[in-house]
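The primary structure of each chain is shown beneath.
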Amino acid sequence: MVSKKWFVGVDIGGTTIKLAFVTLDGDIVTKWEIPTNKIDDGKHITSDIARAIEEKREELGVTNDALKAIGLGAPGFINMESGFIYHAVNIGWKNFALKDELEKETGLSVTVDNDANIAALGEMWRGAGDEAKNLLCVTLGTGVGGGVIVNGQILHGVNGMAGEIGHLTSITDESGAPCNCGKTGCLETIASATGIARLAMEGVQKQPDSILQTVFERQGTLTAKDVFDAVKAEDELAKSIIDEISFHLGLALANLANALNPEIIVLGGGVSKAGDLLMNPLKEQFKCFALPRVEEGCKFRIATLGNDAGVIGGAWLAKQG
Ligand SMILES: [Zn+2]
């Protein structure tokens, strides 16, 4: 038996749970996934995680005390101190004592935060954050998630809601699209993959003479990727959609930056794969609304850890705990 000291990073999603053993310096030793078992309102998830960790430990032939602690990210509204989940819609948890249950199952100490926050911590520690202490992390995926790091710590706010960047209001009149949160006109309804697809499908109705229209007729639907592909082909409609997204995202990020003065803004999630096609117009808009000294001090980066950000951020949390 080899004696090692590792943290366990766990990132719970709606369909899979990502796990990793991570060294004290944030290197992944091994990573794997198990399905998210939502039967009985998700009450088997903690025993699934405990078994998965135990099996992996035995497979690697390391001793029982090799694992120091668990850091875990979960979707939903979480009380950081108690590790209590008030509500996680995608999983079925309601008033679930996640920290206590997992500590009971594994005998290890467990620290819990929400999934967007641990991804931000992962990028800060070992990704695009470059160990900056003041960092904004924005995930442009199906929704828009966010993490705000101030002086090296995630900002939680009074009841855990800090960093909900996706629900900044972008459209204040009646043209705002409905959001999953119950409001209308949130940034998420524009700058997420879903929002971009919606804008594209509305666009082809108004401006039928475009590459996007041809793609729409062929596929019957449009995705964010279709829009960026059409921008590469110089499609005017697609360019106008990206301009609209860049305006709203640039305005929101500049407003946040004027308040928080971050060193780095990290963009992650599927939409960030568009790279400079999004980054260039976005930076231009950001410059229009950020104070000159705020803009000078702030660098934009694309997230580098991909799906590993959560487990690495989980390990960082475990390390602090
Ligand atoms: Zn919203």
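Before reading further, recall that the structure is shown in the block above.
Residues numbered from 1 in each chain as written. Predicted model: local features only at pLDDT ≥ 70, side-chain atom pairs only at ≥ 80, totals over all residues. Heavy atoms only, no water.

A closer look at the coordination of the zinc ion
Now for step 1: Only H167 (ND1), C179 (SG), C181 (SG) and C186 (SG) from the protein coordinate the zinc ion, and they sit 2.0 to 2.4 Å from it.
Now for step 2: Taken together, the four donor atoms coordinating the zinc ion span angles of 106 to 119 degrees at the metal, a pattern that classifies the geometry as tetrahedral.
Now for step 3: Each donor residue of the zinc ion belongs to the same chain, and together they define the spacing H-x11-C-x1-C-x4-C. When sorted by exposure, C179 lands in the same class as C186, which is buried. (Donors = N, O, S within 2.8 Å, 3.2 Å for Na, K, Ca; no water. Tetrahedral: all angles 85-135°; square planar, octahedral: opposite > 155°, others 65-115°. Buried < 20%, exposed > 50% of the residue type's maximum accessible area, 1.4 Å probe, protein only.)

Things to note about the packing of aromatic side chains
Now for step 1: Per the counting criterion, the structure on display carries six aromatic pairs.
Now for step 2: Both rings, one in F21 and one in W32, keep their centres 5.3 Å apart while their planes meet at 85 degrees; by these two values the pair is edge-to-face. A residue pair is termed long-range when its members are at least 10 positions apart, and F21 in strand β2 (residues 16-22) and W32 in strand β3 (residues 28-35) qualify at 11 residues. Taken individually, F21 and W32 each receive the classification buried, so the pair is uniform in this respect.
Now for step 3: Judged by centre distance (4.9 Å) and plane angle (85 degrees), the ring pair of F286 and F300 falls under edge-to-face. (Phe/Tyr/Trp six-rings, centres within 6.5 Å; stacked < 30°, edge-to-face > 60°. Helix = DSSP H or I, 4+ residues; strand = E, 2+ residues; numbered from the N terminus.)

Thoughts on the sheet that holds strand β12 (residues 264-268)
Now for step 1: The mixed open sheet is built from five strands, whose spatial order is β11-β10-β9-β12-β13. On the outer flanks of this sheet lie β11 (153-154) and β13 (299-302), each paired with one strand and no other.
Now for step 2: Bridge analysis of β12 against β13 gives four bridges, and the strand direction is parallel. By the bridge assignment for β13, I265 is matched with F300.
Now for step 3: Contacts from helix α9 (residues 236-260) reach β9 (135-140), β10 (144-150), β12 and β13, with the element oriented near 160 degrees to β9.
Now for step 4: In the packing of helix α10 (residues 276-289) onto the sheet, the strands contacted are β9, β12 and β13, and the crossing angle to β13 comes to about 155 degrees. (Pairing = 2+ DSSP bridges. Contact = heavy atoms within 4.5 Å. Axes fitted to C-alpha atoms, helices over the stretch in contact; angles between N-to-C directions.)

Brief notes about the packing of helix α7 (residues 211-219) against helix α8 (residues 224-232)
Now for step 1: The N-to-C vectors of α7 and α8 enclose an angle of 140 degrees; their axes lie 9 Å apart at closest approach. Between α7 and α8, the crossing angle belongs to the class labelled oblique. Between α7 and α8 lies a crossing whose hand is right-handed. Residues I211, L212, V215 and Q219 of α7 pack against D226, V227 and A230 of α8.
Now for step 2: Its residues assigned to classes, the contact of α7 with α8 comprises five nonpolar, one polar and one charged. (Parallel < 35°, antiparallel > 145°, perpendicular 65-115°, else oblique. Left-handed = near helix turned anticlockwise from the far one by under 90°. Nonpolar A, V, L, I, M, F, W, Y, C, P; charged D, E, K, R; others polar.)

Some remarks on the pattern of salt bridges
Now for step 1: Taken as a whole and judged by the stated rule, the model has 12 salt bridges.
Now for step 2: Among the salt bridges present, the one from K56 reaches E59, with a minimum N-O distance of 3.6 Å. Remark: E59 and K56 occur in helix α2 (residues 45-60); sequence separation between them is three residues, near one turn of the helix.
Now for step 3: You can call K56 buried: its relative accessible area is 12%. (Salt bridge = Lys/Arg side-chain N within 4 Å of Asp/Glu carboxyl O.)

Points about the side chain of S210
Now for step 1: Counting through the fold element by element, S210 comes out in the loop between α6 (193-206) and α7.
Now for step 2: By relative accessible area, which is 10% here, S210 ends up buried.
Now for step 3: A polar contact of 3.1 Å, which involves the side chain of S210, links it to the backbone nitrogen of Q213.
Now for step 4: If sequence neighbours within four positions are ignored, S210 has contacts with V204, D235 and L237. (Polar contact = N/O pair within 3.5 Å; in protein donor to acceptor, adjacent residues only side chain to side chain.)

Let's talk about the sheet that holds strand β5 (residues 77-79)
Now for step 1: Taking strand neighbours across the sheet as the criterion, the three strands line up as β5-β6-β7 in an open arrangement whose pairing is antiparallel. Because the sheet does not close on itself, it has two edges, and the strands there are β5 and β7 (93-96). Here the strands of the sheet are splayed against their neighbours by 15 degrees on average, with no regard to which way each runs.
Now for step 2: Here strand β6 (residues 84-88) pairs with β7 via three bridges, running antiparallel. Across the sheet, the residue bridging to H87 is K94, located in β7.

Overview of the packing of α8 against α9
Now for step 1: For the pair α8 and α9, the least separation of the axes is 8 Å and the interaxial angle reads 120 degrees. Judged by the sense of rotation from one axis to the other, the crossing of α8 with α9 is left-handed. Between α8 and α9, the contacting residues are V227, F228, A230 and V231 on the first element and A238, K239, I241 and I242 on the second.
Now for step 2: Its residues assigned to classes, the contact of α8 with α9 comprises seven nonpolar, no polar and one charged.

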